[in-house]
Amino acid sequence: MRATYARLFVMLTLLLLAACGGQPGASSGPADQPFEQRYRSMSFEQIVEAARGQTVTWFMWGGSDAINAYVNGYVASTLKERYGITLKQAPVTDIVETVNKVLAEKQAGKDTGGSVDLIWINGENFRTLKEAGAVFRNWADLLPSNQFVDWENPSIAYDFGFPVEYDESPWGSAQFVMEYDSARLSEPPRSVEALLEWACANPGKFTYPAPPDFTGSVFVRHVFYAAAGDYRQLLGPFDETRYAPIAERTWQMLNGVEPCLWRGGETYPQTNTALYDLFSRGEVWISMNYSPTHAANQIARGVYPATARTWVFDTGTIANTNYVTIPYNAANKAGAMVVANFLLSPEAQYEAAKPEVVGWSTPLSFAKLPQEWVEKFSALPRPEAVLPADELAARQLSELQAPWLTRIEEDWIANVLER
Amino acid sequence: MRSPGSPAGPSPPRPPLLRWFVLAAMVIGMLLPIVPLVIWSFAFRWSFPDLLPERWSLRAWRYLAAPESQVLPALRDSLLLAGAVTLLATLIGVPAGRALGMYRFRGRAVIEMLILAPLIVPAFAVSLGIQIVFIRYGLADTFLGVTLVHLVPATPYMALVMAGVFANFDRQYEDLARTLGARPLQVWRWVTLPAVLPGLVVGALFVFLISWSQYALTLIIGGGRLVTLPMLLFAFARSGDNAVTAALSLVFIAPAVVLLALIARFLGAAPAAGGIRGL
Amino acid sequence: MTALQLCNLTKTYPGAPAPAVRDLSLEAAPGELVALLGASGCGKSTTLRLVAGLLTPCRGDVRFDGRSVLGAPPERRGVAMVFQKPLLLPHMSVGENVGFGLRVRGERPATIRRRVDELLELVQLPGSAARRPGQLSGGQEQRVALARALIVEPRVLLLDEPFSQLDAGLRAEMRDLVAGLQRRLGITTLLVTHDQEEALLLADRIALLEQGRLLQYDTPRGLYERPASLAVARFLGGRNFIPGRVAGRRFISDAGAFELAAEPPLQGAAVLTIRPEALALGCDGPVNRLRGTVTAARYLGARMRYQIQAGALVLEALADAASLYRPGDPVNLTLPPERLWVMGGERQ
């Protein structure tokens, strides 16, 4: 019996060794010179040719059935028909997992034939990837769809204060909006200070997710901007002397409102999802989200009451862009570029913008789009819960650089949560 | 063994009422959490404090049925993966369990510790290191690679269960068969296998469930290229879409329940020669 | 009908301080039933397993009909074994159990069925082929085990204390059955037992083992009446050991001198023994007379057992139940010379 076991063990080891044939990396171009060296001198038609027949694996957050349906249905079939590209969606729970994966491949020395072709990404995750030298550089400007993007807008040229430099291509845009139940309050408070006053006039009906939750974090930044007065002095690298007095005022405001919050501020919702739950159950009357169409989508899904509406502060709310980027070692870069271009195209953006499809917010600039597209976008039925695009655009604030964000999050925990 | 000379007795007395009550409580306790899942999967809008959703809808199930949700391929891949892992873990774990349960040999304690180590050290802790090695050997993002890494937490369970089974197995049955002329393979087929089968099935179920429910390992080694049900499930679980999450959960639970029902006759069956008395 | 030979068999288990079987040699004639008798741990089961091929000897040889079988694994030696426990395969019927040996040999189902019925008749369980082991009593199971062993017509039949788990009444029945079958079929048989009565009853010859060594290999009568050593005598329930020395035809001891029937080959220091039932009570024979007092009397049903103090000697005697000595009674003893036996002292 022992002999049999030993034989089995040897067989298994041989099997394992036999499997190290290495992964066949899909080459993306004529065999003489790698794509990575030629692409800047190629026309987009040539890139499309090089991409034909490739399979592009796109790693993205998989928690939205609407987005999944859009990507795996409309986008995938159009890419297949038009360009012969097979799009394979790899759904993840948190894109940081994919960032770690690419970094691990880099550490293992896998500089070609990487398993990730395209990533839906922004902010901290993009910065991590780029600072590690793990992104494919300088390609987004080659895309024909790129002509409709306003790269003068700092919300696009800077990803959370970090320069993009055409290393990623815009896909969607987000602007922080506040949500409220119009059945409970007819006029929402139009500034941060007014909101805090309202909270104390209606104790227990307002709260916000605890940082480092994405949504809670950006809410705290709004309070921070309000405490700063003019936030534009804060754009740029982190500055302790400017930070300290504003932070002090911010904690005063937040600690002052804490007893009026839901559950007396004893506990904060851990995630934005938890806050939506409270809002949809009517325990709180105000919520918040990074997407202007989130409330409308939730109404359509039956999660939010039909009377939910959105508003932005008169002084504006923080807006940012989300992108798709290509890892430095992606096996199918030509295909990834073609996919990014299609995603950004007015046609695909329009499809996604339809409320019954995704209800997407587009990063395309209306100033740069041809008139026919402007009309089409404007003609889209806009649910009552979604603010008009021009109103949103008029009230945009941009994000600060990452060190401001992390510091604000840490100090919130120390000065508000733990007090 | 029955006492010598006694005739075959009457069947054992029926279990007392208390036993039935406890059994019912256990079954209800296991099935009860599934009820909200079922309701949620058909809910359009359900908020506290309603006992039932105020509006119903098939949205979640329609999404699952559509090819865009990738549910069917994920189900298939999860099944194939768990099946492969079960097969390999059995091939490795049964001889290992036999060696541990039936023999005394030098270095036995060390080997026992090595085999059971994954039960103490979570596989996740070493998975990052494994990933680097797998990338180098081209095993990352492959079905084979994920199968191998699932074997890490799964095989010790099979080995442990089989060690217990074999410890209770009377070797003399095999000796007897050999003296009657049975060759080793025949001994295995006619004597050993039928005796250890209940324990083997239980062990295989453990292994299947371990592989079936793996998230972190599949994620790190399979890297999103191999999409299994847990990965779809986790992505939705944090999205706030309770209906789809509930529907996915039901799809996730279903095969395990089916399996359990199929092998129920092996659990609590009168132990054969080897039996699972150790459990 | 196979002749069995064990030549200098030695087996030490790994890690054990001493060999389990030490230089054991004996032979069994075709059709003979040889008992391996001894206390637990004396190596008798080990010997059986060596013959079966379940163990490999460190030294020595096992020969069937003069040819070594050490090269053959158990399944090809042509042996069959019956254990202490019936070990019927629980997932098979009685008939399938019995036919197992034929099944693995690839016999045709019709042949197997016929032979199974034959064997079940032989062990007096006719028509029970369809029943399941769980439905049988312990004795019936053991008979099925026997049938299962016999069906393959083994060259050597190995029995490892097959009756020890049965109660007294069944035991006697099974012994008779086995003895009868063995004689009828003429299969060379090795029977392992710790029960000396069983060995005396069934065996053609007995090999008495102690700590892996063969003490004596003889017929039952030989072992019983002419034990080679004190150890043998003690094992077979001997009493009445008188140390002393042999001088010619006389045995000199502290308790007196005794006449022997013949001049023993052993001279010098020795031990004299006589079986309890051989002591003649209440009569004055021509020689070897002793006077003593009864110190204990026990009723055994068919006989009385007495403990008698005669000078410095304490002797045990078995007499007819009709004798009526009571403790304290004086008694005359005679030790008939032809019943006296001289053997060597304790082994070193």
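Every chain is numbered on its own, with residues counted from 1 as its sequence reads. The naming scheme follows written order: chains are lettered A onward, ligands numbered 1 onward. Reporting in this predicted model follows two pLDDT cut-offs: at least 70 for local features of residues, and 80 or more for side-chain atom pairs to be given and counted; totals over whole chains, interfaces and linings ignore these cut-offs and use all residues. Values reported for side chains reflect all heavy atoms of the structure, with hydrogen atoms and water molecules removed beforehand.

## Structural notes on the arrangement of the chains
Alright, step 1. Contacts are most numerous between chains A and B, considering all 2 pairs of chains that are in contact.
Alright, step 2. Chain A makes no contact with chain C; the smallest distance between any of their C-alpha atoms is 14 Å. By definition in these notes, contact holds between two residues if any of their heavy atoms fall within 4.5 Å.

## Digging into the packing of helix α2 (residues 34-41) of chain B against helix α12 (residues 242-263) of chain B
Residues and elements named next belong to chain B.
Alright, step 1. With their axes 7 Å apart at the nearest point, α2 and α12 run at an angle of 130 degrees to one another. With respect to α12, the axis of α2 lies oblique. Between α2 and α12 lies a crossing whose hand is left-handed. Residues Ile34, Leu37, Val38, Trp40 and Ser41 of α2 pack against Asn242, Ala243, Ala246, Ala247, Ser249, Leu250 and Ile253 of α12.
Alright, step 2. Within the contact of α2 with α12, the residues separate by chemical class into 9 nonpolar, 3 polar and no charged. Lines fitted to C-alpha atoms define the axes, with helix axes restricted to the stretch in contact, and inter-axis angles between N-to-C directions lie between 0 and 180 degrees. Helix and strand definitions follow DSSP, with helices as H or I runs of at least four residues and strands as E runs of at least two, each counted in order from the N terminus. Here the word oblique covers every angle except those under 35 degrees (roughly parallel), over 145 (roughly antiparallel) and from 65 to 115 (roughly perpendicular). Helix crossings fall into two classes, left-handed where the near helix is turned counterclockwise from the far one by less than a right angle and right-handed where it is turned clockwise. Three residue categories are used. Nonpolar comprises Ala, Val, Leu, Ile, Met, Phe, Trp, Tyr, Cys and Pro, charged comprises Asp, Glu, Lys and Arg, and polar comprises the others, including Gly.

## Quick word on the pattern of salt bridges
Alright, step 1. Note on definitions: salt bridges are taken to be side-chain nitrogens of Lys or Arg within 4 Å of carboxyl oxygens of Asp or Glu. Within this structure, the stated rule accounts for 45 salt bridges over all chains.
Alright, step 2. Two residues, Glu36 of chain A and Lys333 of chain A, come together in a salt bridge whose shortest N-O distance is 2.6 Å. A residue pair is termed long-range when its members are at least 10 positions apart, and Glu36 of chain A in helix α2 (residues 35-38) and Lys333 of chain A in helix α13 (residues 333-344) qualify at 297 residues.
Alright, step 3. Relative accessibility decides the category of a residue: with a 1.4 Å probe and only protein chains considered, values under 20% of the type maximum give buried, values over 50% give exposed, and everything between is partly exposed. Owing to a relative accessible area of 31%, Glu36 of chain A belongs among the partly exposed residues under this scheme.
Alright, step 4. Put simply, Asp195 of chain C and Arg175 of chain C hold a salt bridge, and the shortest N to O gap is 3.3 Å. With Asp195 of chain C in the loop between β8 (188-193) and α7 (196-202) and Arg175 of chain C in helix α6 (residues 168-185), this residue pair connects regions lying 20 residues apart in the sequence.
Alright, step 5. Note on Asp195 of chain C: relative accessible area 21%, which makes it partly exposed.
Alright, step 6. Assessed through its relative accessible area of 7%, Arg175 of chain C is described here as buried.

## Concerning helix α8 (residues 192-201) of chain A
All names here are of chain A.
Alright, step 1. Among the residues of α8, Val192, Leu195, Leu196, Trp198 and Ala199 are the ones counted as buried. End-on view of α8: buried residues confined to an arc of 160 degrees, all on one side of the axis. Opposite the buried face of α8, by more than 90 degrees, sit the exposed residues Glu197 and Ala201.
Alright, step 2. Taken together, the buried residues of α8 touch β7 (177-181), α9 (214-228), α10 (240-257) and β8 (286-289). Arc definition: it is the arc formed by the directions from the helix axis to the C-beta atoms.

## Notes on the domain arrangement of chain A
Residues and elements named next belong to chain A.
Alright, step 1. The assigned domain composition of chain A is domain 1 (40-171 + 321-387) and domain 2 (177-319 + 397-417).
Alright, step 2. Residue ranges labeled as domains rest on an automatic or database domain assignment. Computed from C-alpha atoms alone, the centre-to-centre distance between domain 1 and domain 2 is 29 Å.
Alright, step 3. Contact residues are listed per partner, giving 17 residues for domain 1 and 22 residues for domain 2.
Alright, step 4. Both sides together, the interface formed by domain 1 and domain 2 hides about 1500 Å², and carbon and sulfur atoms give 57% of it.
Alright, step 5. Two parts placed together each lose some accessible area; with a 1.4 Å probe, that loss summed over both constitutes the buried area. Summed over the three residues of domain 1 that lose the most area to domain 2, namely Phe160, Ala385 and Leu387, the buried surface amounts to 41% of that side.
Alright, step 6. Inspection of the domain 1/domain 2 interface yields 1 salt bridge.
Alright, step 7. Whenever two N or O atoms come within 3.5 Å, that pair is a polar contact, provided that in protein one can donate a hydrogen and the other can accept it, and provided that, for residues adjacent in sequence, both atoms are side-chain atoms. At the junction of domain 1 with domain 2, the criterion picks out 2 residue pairs in polar contact (both at pLDDT 80 or more).
Alright, step 8. Contributions of two or more residues to the side of domain 1 that touches domain 2 are made by α4 (65-83) and α6 (123-131).
Alright, step 9. Per-class residue counts for the side of domain 1 that touches domain 2 are 8 nonpolar, 5 polar and 4 charged.

## Details of the interface of chain B and chain A
Alright, step 1. With 44 residues of chain B in contact, the opposing surface of chain A contributes 48 residues.
Alright, step 2. Across the chain B/chain A interface, buried area totals approximately 4000 Å², and carbon plus sulfur atoms make up 60% of it.
Alright, step 3. Our count for the contact surface shared by chain B and chain A stands at 2 salt bridges.
Alright, step 4. One salt bridge in this structure joins Asp141 of chain B and Lys101 of chain A, with 2.8 Å as the shortest N-O distance.

## Some words on the sheet that holds strand β18 (residues 313-320) of chain C
Residue and element names in this part refer to chain C.
Alright, step 1. Note on pairing: two strands pair once DSSP finds at least 2 bridges between them. The strand order across the open sheet formed by 5 strands is β15-β19-β16-β17-β18, and the pairing between neighbours is antiparallel. The open sheet has two edge strands, β15 (280-281) and β18, and neither has a second partner.
Alright, step 2. Relative to β18, strand β17 (residues 303-310) runs antiparallel, the two sharing 8 bridges. Along β18, the bridge assignment pairs Gln309 with Val314.

## Here we look at the interface of chain C and chain B
Alright, step 1. Facing 38 residues of chain C, the contacting portion of chain B comprises 24 residues.
Alright, step 2. Carbon and sulfur atoms make up 62% of the surface buried where chain C meets chain B, a total of about 2600 Å² over both sides.
Alright, step 3. Summed over the three residues of chain C that lose the most area to chain B, namely Glu75, Leu87 and Val104 of chain C, the buried surface amounts to 23% of that side.
Alright, step 4. Across the contact surface, chain C and chain B share 3 salt bridges.
Alright, step 5. Between Arg49 of chain C and Asp175 of chain B there is a salt bridge, with its nearest N and O atoms 3.2 Å apart.
Alright, step 6. Here chain C is connected to chain B by 6 residue pairs in polar contact (both at pLDDT 80 or more).
Alright, step 7. Mapped by element, the contributors of at least two residues to the side of chain C that touches chain B are α1 (44-52), β6 (79-82), α3 (100-103) and α5 (138-150) of chain C.
Alright, step 8. At 5 residues, the largest contribution of residues to the side of chain C that touches chain B is made by α5 of chain C.
Alright, step 9. Looking at the side of chain C that touches chain B residue by residue, the classes come out as 22 nonpolar, 8 polar and 8 charged.

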